[in-house]
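Geometric and topological summary
Listed here are the chains, written in short residue letters.
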Amino acid sequence: MQFYGIFTLIFVNCNFITAIQRRDLLPYGPTKGDVLLKEGDDEISVVLKLKKSLQFYNTEFNILYVGTNGILSTEPPPSESEYLIRGFPLSFPVIAPFLTDIDTSEGRGAVYFRSEESLDTLIRVTHMVQKGFPQMRFRATHCVIATWDQVSFYEVESYESQTHITVNTFQTVLAGNKTDTFALFLYPEGALRASGIRDNTSDSSEAGPTTARVGFNRGDTSTTEGLFYSLVSKDESIKKLFQAGNSGFKGVWIFHIGSSRFDFQRVVPAVVPKATPAASPQGLESGFNSAVKPQATGTDDNSSVLIGQRSVAHPDTHNETQGSSPLKSLSQSPPVQSAGSLINATETCGSIHLHCSQDSFCTEHPTGPCCQCRSGFYGNGRQCFPGGVSQRLSGKLHGLISIGGTKVQLKWADLHGYAVVGEGRVYVSIGPVPDRAGWALMTVGPLISLFGWLFALELKNHQNGFSITGAEFTHHAEMTFYPNKEHLNVTHVARGLDSFNHIRLDTHIQGYLPSIPQGARVQIQPYKETYQYNNSVVTSSSLRDYTVVSENGGAETFSFLLRQNVTLRGCQHGPWNIPDFQQLDVEHTLVTYSPEGHILRYAIINTVGPVGGELPGLLEVNPCTSGKHYCDPMALCLPGEGVQYHCQCAMGFRGDGRNCYDVDECTEGLSACGPHSQCVNLPGSHHCHCDTGYEFDFDWRVCADIDECLLQLCHPFASCSNTPGSFHCQCWPGYEGDGFLCQPHQEPGPALTVCQQHRDSLLKSTGLLDGHPLGDIYIPQCSEEGLYKPLQCLGTTGHCWCVDSRGQERVGTRTLPGNPPANCDQPAPLLPRAETLCERWRSSLLSHYGGQPSAQDYMPQCDSQGHFSPVQCYGNSSFCWCADKRGREVTGTRSHDAVKPPCISDIPPYLPQSLVNPTVISVPSGSAVLYAGGPWIGVVPLDGARLDHDRFFVLTAQQDSLVTGLGFDCRENMLYWTDLTRRSISRVRLVPGHEPELIIDAELSCPEGVAVDTEHRKLYWVDSGTDRIETSHLDGRGRAVLFDSDLVNPRALVVHSETQTLFWTDWNRDGPKIECSTTDGRNRKILVQEGLNLPNALTFDTKTKQLCWADAGTKRLECVAPDGTGRLVINSQLEYPFSLDIYNSHVFYTDWKRDGISVLDKSTGKQTDFLPIQMSHLYGIAVIPSDCL
């Protein structure tokens, strides 16, 4: 099907420095830790889970999907037939570097993606963003890299006979920190082709080429603001993607795509900087190639040998004479550019401090500077670690291996290690690993020998792997097992130290392994291995033996040939002081597999020294050399005369050397943290974190104030004043407001509502104040109260439509002249809409089950609007859990109980337009019950303890709201409530005409129970999304977190002002409980735990001094003394209580089963009254005594 775009790009005519080439892309491929997307025409990746969130528009996300067709999305995209033939806007969120019909079948290109936190990459990406947004002091802390490498357009038969296959290469980087996210689109010169684009969704053989789209699609149709940003949409403009740019470099496009600092509604492109034609290309080198270049784009020479394009042959059919030898390619692979490429000859120490460790110093050399670890530390200058301190390792193992003809997939097993540097001992565990692979992997020496080389005990004038590489390297190994010639490839990618000083390392393994019998042991005898060194690569080869001992004691010895190299980053400017050859002496190797925990365990002890054995002139082996000393693992062993030695605690530790203890630099005032920063102690070291409103300066050591005024957060008619750690906005003279919204000053008069202001401004601007006929001009119609009338019409034309409380048109209600207007008190008629995520998922599973799912199969439950139901279950079973609006399971809600969990939907129920009124309509004249009915708060007057059924009314009602918890301040006659949909806490004074006041709307996820300490003027609430209990002053100031641990599903909260005690419930299905503490967060303890199931409701009876709760699982209403004694069951036949309060010796509670308010006599436990309110579930409840009004 042929389709055409409607948006074009206007390119700025400016002088660009140069165009980027394929080699300038960020390194990618399997050896860089990338995941390879499955080949195909419309493939979607497995979910990429991000450790740190990114922002898209004003929404945070921590999962991402990558699609074949040049897209990334925060939710599973629909079938390509639903979006390829449509232009922007689309029905789902899209980041589209090159959206078109791409097909990678039959090896026609590849798609790679990964999340990345390496310092090299972050520095490089930060430089790139700062070139496009020089006014923002952005520092990337994490990023996602996706690369489409030589991918092809979809080709049909008629096209294949006329055109050759066209390939395209492009890359996308999403770079973010805790508040902002930027997107970088990189298009190498000549790497895009527009001809031959064709979509396979068309049934017509006459359809022509499709159009590629580039840009961003919000995917949120609830607003018309900033739905999408389109960069290019016509084939003839495709070439301009690499012939132009908005960063000063051809082929580089940078955009600000999201922020959590303000209501981000529109994508902001970078501003093209001015450049002169004679500008040096070094700007490109430093901005986009300032890190180590890849050996080749996509898959470097080594990866093509080990795990890239070369497929490993089965040992029975492998022919060593076919093609070039992989081993030859290994030994002849071009070395990675050294770290010297990071520092060109024109740079000095003053300009490269970003590349050096904080524990290093810089030395000038004739050709350039180099980083070098200071005394007491060791490493490559870029990564430095205290000498003698034990080192931890962490990473992942993944790959595909074949054992005896059976393929086994290794799916990102955890790798953890511990190195005792002073003794040359290393311990590594990997798991979980499938049993068949676990036994066979005991023979793979490189999985442990690499770590032995990295932390071998150093003999004099010799260095282990960490001293040379700083744990920044790529290790390739190829093993050939005899006698059957099985071939295995192993790749390690080490990315230096993380913020906790742990080495980060990922391992990929692929090929064939000999089978090892279950229960057998593998023994590896001591051996020596020679390594050859230069400043960019380390190589070695050896033939090793191993013995397999079966369970019955039988033993057989086999061997394998190992060829390996390590590409590293040395500094080319300084002297090379490493011997050309060093010998690794492995004294002991132990390997075991535990089928119970599916864990592989390795241990190795080794030294590194001269080739041939011990250093000359040593008659006796010093314990420091042999590792047989009694120094603490966190100490250095200093050899003396003969066998004498001295133990000295490592940097950051103190003690006598045999017992060393960490020095807490933070508490002892020894830290290097400057003003406006916080010190975090680490073993042997410490880190500094900047306070809110500050960020690290360019040297990453001093915390400098963030000038928020550069971000232009104030209103255009306001001035901005930067203050230390904050800023202040003030409206210009003649304007009034808070600085974020400034309006012309008006003379005091009757306060106008939004509708009245809207109406009067249009009347004034159109000159209709004199009473001229309206004609075809729209003027809002307001009610006597100043609210928008539900029905609005366009002058006298007869065009009419319904609006909400904000004056926004309700979709599907517009009528034409001559037709009766819509009934605005009824929901809008259903319109055709795209399938929702829940419906797409349901359809997919239905197809998977062949259209007939069994009673035990999981099928997503969707409501009438296509939203996920808050309670999800497996078939007709009682295996249920809570789900959020994206269908994701809420932690701690899963159970097999007959009573389904009390899940709250964050999608508000429909509210008739006639009920919408955010102001207080009326107030009770005496004691009354207040209840939360979703989008409204209702009032039921009381006659003693009886509900007045005939006089209940709505206090306030707001669209798109879900009120959950209620709290009342009797002193100021103020009602407080939590709103789950708006993620906020508001309050309103119970006076007719008063409007609600928003007091907290930041860093809330699922606020539920709320309580007011009337005596001490404090507010408390629980958040089941962040699993926190927080407090603040009654106006929202002075906010503080009381508890953020050991909470799973907190719900109800009550405070006893007299004793300053806080009580709360947690309906964690694995361990429900009721806890208490002081109101300042001290003396936390579990008050009730036995006999609980779903403790939803909680209140304190001030008359009897009892804490009472209602359990929706046990169906009980119970009370207990504040110290946990005297537990008493009041009623054991409740239905499904949600919230309760006690007044005049009666219990008032909302019931989800009966959808109403029930009343019990506390002394007898019998129901005395019930009021059905069946418009929706009822939530919080609060009783107002008559003396409060």
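Residues numbered from 1 in each chain as written. Predicted model: local features only at pLDDT ≥ 70, side-chain atom pairs only at ≥ 80, totals over all residues. Heavy atoms only, no water.

A separate point is the packing of aromatic side chains. Tallied over the entire structure, the rule returns 32 aromatic pairs. Between tryptophan 453 and phenylalanine 473 the ring centres are 6.5 Å apart and the planes differ by 85 degrees, which places this aromatic pair in the edge-to-face class. Linking tryptophan 453 in helix α8 (residues 446–454) with phenylalanine 473 in strand β23 (residues 472–482), this pair joins segments that are 20 residues apart in sequence. Take tryptophan 453 and phenylalanine 473: they sit in the same class, and that class is buried. Arranged with centres 5.9 Å apart and planes meeting at 20 degrees, the rings of phenylalanine 1063 and phenylalanine 1100 form a pair that is stacked. Highlighted residues: phenylalanine 1063 in strand β61 (residues 1061–1066) and phenylalanine 1100 in strand β64 (residues 1095–1101), separated in sequence by 37 residues. Residue phenylalanine 1063 is classed as buried on the basis of its relative accessible area, which comes to 2%. Members of the aromatic cluster, connected to one another through ring pairs, are Phe98, Trp148, Phe153 and Phe170. Positioned above the aromatic ring of phenylalanine 1170, the side-chain terminus of arginine 1154 is 3.9 Å from the ring centre. (Phe/Tyr/Trp six-rings, centres within 6.5 Å; stacked < 30°, edge-to-face > 60°. Helix = DSSP H or I, 4+ residues; strand = E, 2+ residues; numbered from the N terminus. Buried < 20%, exposed > 50% of the residue type's maximum accessible area, 1.4 Å probe, protein only. Lys NZ or Arg CZ within 6 Å of the ring centre and 35° of its normal.)

Looking at the element boundaries, leucine 174 is found in strand β9 (residues 167–176). Since its relative accessible area comes to 1%, leucine 174 is described here as buried. Separated by 28 residues in the primary sequence, leucine 174 and alanine 146 have C-alpha atoms spaced 8.7 Å apart. The residues contacting leucine 174, other than those within four sequence positions of it, are Leu54, Leu64, Leu72, Ile95, His142, Cys143, Val144, Phe182, Ala183 and Ile257. (Contact = heavy atoms within 4.5 Å.)

Once that is clear, we can look at unusual backbone geometry. In the segment running from glycine 431 into proline 432, the intervening peptide bond is cis, with an omega of 0 degrees. Tracing the sequence through the fold places proline 432 in the loop between β21 (425–431) and α7 (435–440). With an omega of 20 degrees, the peptide bond running from tyrosine 482 to proline 483 counts as cis. As for its placement among the helices and strands, proline 483 is situated in the loop between β23 and β24 (486–497). Phi is positive for tryptophan 412, which is not a glycine, with a value near 50 degrees. Structurally, tryptophan 412 can be placed in strand β20 (residues 406–420). Even without being glycine, lysine 485 reaches a positive phi, approximately 60 degrees. Within the fold, lysine 485 resides in the loop between β23 and β24. When its relative accessible area of 38% is taken as the criterion, lysine 485 is described as partly exposed.

In space, the 4 strands of this open sheet follow the order β64-β65-β66-β67, with antiparallel pairing throughout. Lying at the two open borders of the sheet, with one neighbouring strand each, are β64 and β67 (1128–1131). For this sheet the average axis-to-axis angle between neighbouring strands, irrespective of direction, equals 25 degrees. (Pairing = 2+ DSSP bridges. Axes fitted to C-alpha atoms, helices over the stretch in contact; angles between N-to-C directions.)

In this section: the nonpolar core. Of all hydrophobic cores here, the largest spans 79 residues; its most connected members are Ile401, Leu441 and Phe455. Residue assignment places this core across two domains, with domain 2 (390–612) and domain 3 (634–667) each supplying three or more. In this structure isoleucine 401 touches Thr406, Lys407, Val408, Leu410, Ala437, Leu441, Leu488, Ile509, Gln510, Gly511 and Leu513, once residues within four positions along its chain are discounted. Core analysis: the next-biggest nonpolar cluster, separate from the first, contains 39 residues, Leu37, Val111, Phe113 and Leu174 among them. (Core = buried A, V, L, I, M, F, W, Y, C linked by side-chain atoms within 4.5 Å. Domains from an automatic or database assignment.)

The predicted model of the protein has a mean per-residue pLDDT of 79, with 83% of residues at 70 or higher. A low-confidence stretch, residues 156–164 stays under pLDDT 50, and its non-local contacts, those more than four residues away or across chains, total 8 contacts. For residues 195–209, every residue scores under 50 in pLDDT, and the model assigns this stretch 44 contacts once sequence neighbours within four places are set aside. (pLDDT = per-residue confidence, 0-100.)

Let us look at the state of the cysteines. Using the criterion set out here, one finds 17 disulfides in the structure. Put simply, cysteine 731 and cysteine 742 are joined by a disulfide, and their sulfur atoms are 2.1 Å apart. Because the torsion about its S-S bond is -85 degrees, the bridge between cysteine 731 and cysteine 742 counts as left-handed. Taken as a pair, cysteine 731 in strand β41 (residues 726–731) and cysteine 742 in strand β43 (residues 742–744) lie far apart in primary sequence, 11 residues in all. There is no split in this pair, since cysteine 731 and cysteine 742 are both buried. Note on cysteine connectivity: cysteine 873 is disulfide-linked to cysteine 880, with sulfurs 2.0 Å apart. Taking the sign of the S-S torsion, about 110 degrees here, the bridge from cysteine 873 to cysteine 880 comes out right-handed. Residue classification places cysteine 873 among the buried residues on the basis of a relative accessible area of 4%. Relative accessible area serves as the criterion here: at 1%, cysteine 880 is assigned to the buried category. (Disulfide = S-S within 2.5 Å.)

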